[in-house]
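Summary of structural features
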Amino acid sequence: MATVGLVVGCQPAEKENAGAAAPPSPTVAPSPTVDVAANSKQVCDASLVFVKKHYVAMADDAIAAIDKPVSAKEAGAKVRGHYTALLQDLKTAAPTAADPQVRTALETLAAGVEKHLAGPKATEIEAPDLDPPLKALDTVCGR
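Residues numbered from 1 in each chain as written. Predicted model: local features only at pLDDT ≥ 70, side-chain atom pairs only at ≥ 80, totals over all residues. Heavy atoms only, no water.

On a plain count of helices and strands, the chain comes out with five helices and zero strands. The secondary structure elements of the chain, listed N-terminal to C-terminal, are α-α-α-α-α. Taken over 143 residues, the chain has a buried fraction of 26%. Of all intrachain contacts in the chain linking residues separated by at least 6 positions in sequence, the fraction that spans at least 24 positions is 74%. (Helix = DSSP H or I, 4+ residues; strand = E, 2+ residues; numbered from the N terminus. Buried < 20%, exposed > 50% of the residue type's maximum accessible area, 1.4 Å probe, protein only. Contact = heavy atoms within 4.5 Å.)

Here's what the structure looks like:
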């Protein structure tokens, strides 16, 4: 019974405060500093992993098609799927980069992949149009 009384007793106070905003905090916590070099290494290492993963998967699919042929439509759909996944990974990684150069390189590569996907060769593994932004990302990441 005592618990019910406490809960009921608190209700009017909650109703009074329901419309009021929480009082502002008297002290503002300092924003954490980011180690740009460590962040760049982490983001660059992660980008290398996922870029390789998608390109290796495309190559694996092409090799597997030698033993077990698939239709051009199915092969194209797989390639498009890998580029779409790569685009998503790039869009996820770019905002995490503290270094503007790394962020820009990721965004530029993402824009290139997006353009490639919108073009007539979106279902082809060969994408020479992506060589410049891939090289730019390698350069920025010190590879």
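This is not the end of the story, as more comes after the structure.
Its 22 residues give helix α3 (residues 72-93) an end-to-end C-alpha distance of 31 Å, which sits within 8% of 32 Å, the value for a rise of 1.5 Å per residue. Looking at α3, one finds that the buried residues are Gly 76, Val 79, His 82, Tyr 83, Leu 86, Leu 87, Leu 90 and Ala 93. Across the axial projection of α3, the buried residues extend over an arc of 140 degrees, all falling on one side. Tucked inside the fold, the buried residues of α3 contact α2 (36-67) and α4 (100-118). (Expected span 1.5 Å × (residues − 1). Arc of directions from axis to C-beta.)

Take the side chain of Ser 47 next. In this structure, Ser 47 sits in helix α2. Residue class for Ser 47 comes out buried when judged on its relative accessible area of 0%. Once you skip the residues sitting within four places of it in the chain, Ser 47 turns out to touch Leu 106, Leu 137 and Arg 143.

So, about the packing of aromatic side chains. According to the stated counting rule, one finds one aromatic pair in the structure shown. A ring pair is formed by Tyr 55 and Tyr 83, whose centres lie 6.1 Å apart and whose planes are at 85 degrees; its orientation type is edge-to-face. Linking Tyr 55 in helix α2 with Tyr 83 in helix α3, this pair joins segments that are 28 residues apart in sequence. The exposure class assigned to Tyr 83 is buried, which follows from its relative accessible area of 0%. (Phe/Tyr/Trp six-rings, centres within 6.5 Å; stacked < 30°, edge-to-face > 60°.)

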